[in-house]
Amino acid sequence: MKNSYTFLLIVFFSLPICAQINKHEKAVIQTSYICATCEMCGTCGPLFQKKLLKIKGVRMFEVDKEKNTIIVYYNGKKTNLQVIKNTIASIGYDADNVKANPQAHDELYDCCKS
């Protein structure tokens, strides 16, 4: 009987921890990102830092230049994938099925355009 109560207490107190873990999501977004010199020209890198990390719930992101993807880690209770894709498009890059904002794309340096 004592073991049953101990088991129930462990389950009861571990449920909130599991719920917190599950609210964090990872999205791999296909993009038109081609810039190989972002760190040098200072256009795309700072734009991504400024705009993506400003979205409430976005924890971090990684850019995979070889695969043309952006991996975003975010809290699904605070934001959603569509907001993230729209933000990437507002920077000037395609984000899966969301096309880049043409004006923002035109303002990118030539080395950052596809």
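Since the model is a prediction, treat every value here as computed from it, not as a measurement.

Criteria and cut-off values
Residues numbered from 1 in each chain as written. Predicted model: local features only at pLDDT ≥ 70, side-chain atom pairs only at ≥ 80, totals over all residues. Heavy atoms only, no water. Helix = DSSP H or I, 4+ residues; strand = E, 2+ residues; numbered from the N terminus. Contact = heavy atoms within 4.5 Å. Buried < 20%, exposed > 50% of the residue type's maximum accessible area, 1.4 Å probe, protein only. Arc of directions from axis to C-beta. Pairing = 2+ DSSP bridges. Axes fitted to C-alpha atoms, helices over the stretch in contact; angles between N-to-C directions. Phe/Tyr/Trp six-rings, centres within 6.5 Å; stacked < 30°, edge-to-face > 60°. Polar contact = N/O pair within 3.5 Å; in protein donor to acceptor, adjacent residues only side chain to side chain. pLDDT = per-residue confidence, 0-100.

**Description of the side chain of Lys85**
- Mapped onto the elements of the fold, Lys85 is located in helix 4 (residues 81-91).
- In contact with Lys85, other than residues within four places in its own chain, are Ile29, Ala95, Asp96, Asn97 and Val98.

**Topic: helix 3 (residues 44-52)**
- Those residues of helix 3 that fall on the buried side of the exposure criterion are Cys44, Phe48 and Leu52. Seen end-on, helix 3 carries its buried residues on one side only, within an arc spanning 35°.

**Details of the sheet that holds strand 2 (residues 58-64)**
- If you walk across this open sheet you meet the three strands as 1-3-2, and the pairing is antiparallel. Two strands in the sheet have a free side with no partner beyond their single neighbour: strand 1 (24-30) and strand 2. Averaged over all pairs of adjacent strands, the angle between strand axes in this sheet comes to 15°, irrespective of strand direction.
- Bridge count between strand 1 and strand 3 (residues 69-75): seven bridges; the pairing is antiparallel. Within strand 3, the position partnered with Ile29 by the bridge is Ile70.
- Contacts between helix 3 and the sheet are confined to strand 2 and strand 3, with strand 2 contributing the most and set at about 155° to the helix.
- Helix 4 contacts strand 1, strand 2 and strand 3 of the sheet and is inclined by roughly 40° relative to strand 1.

**Structural notes on the packing of aromatic side chains**
- Tallying each qualifying case throughout the model produces two aromatic pairs.
- Where Phe48 meets Phe61, the ring centres are 6.1 Å apart and the plane angle is 40°; that geometry is what we call tilted. Taken together, the residues span a long stretch of sequence, with Phe48 in helix 3 and Phe61 in strand 2 at a distance of 13 residues.
- Exposure remark for Phe48: the relative accessible area of 1% places this residue in the buried category.
- For the pair Phe48 and Tyr93, a centre-to-centre distance of 5.7 Å together with 25° between the ring planes defines the contact as stacked. Placement of the pair is Phe48 in helix 3 and Tyr93 in the loop between helix 4 and helix 5 (102-107), with a sequence separation of 45 residues.
- Tyr93 gets classed as buried once you look at its relative accessible area, which sits at 0%.
- Members of the aromatic cluster, joined through ring pairs, are Phe48, Phe61 and Tyr93.

**Focus on helix 4**
- For helix 4, the complete set of buried residues consists of Ile84, Lys85, Thr87, Ile88, Ala89 and Ile91.
- Where the residues of helix 4 are buried, they touch strand 1, helix 3, strand 2, strand 3 and helix 5.
- Where helix 4 begins, the capping side chain belongs to Asn80, and its oxygen is found 3.0 Å from the backbone nitrogen of Gln82.
- Downstream of helix 4 by a residue or two, Gly92 has a phi angle that is positive, lying close to 125°.

**Observations concerning the confidence of the model for the chain**
- For the chain, the mean per-residue pLDDT works out to 79, and 71% of the residues sit at or above 70.
- Of all the helices and strands in the chain, helix 1 (residues 2-22) carries the lowest mean pLDDT, 52, while helix 4 carries the highest, 95.

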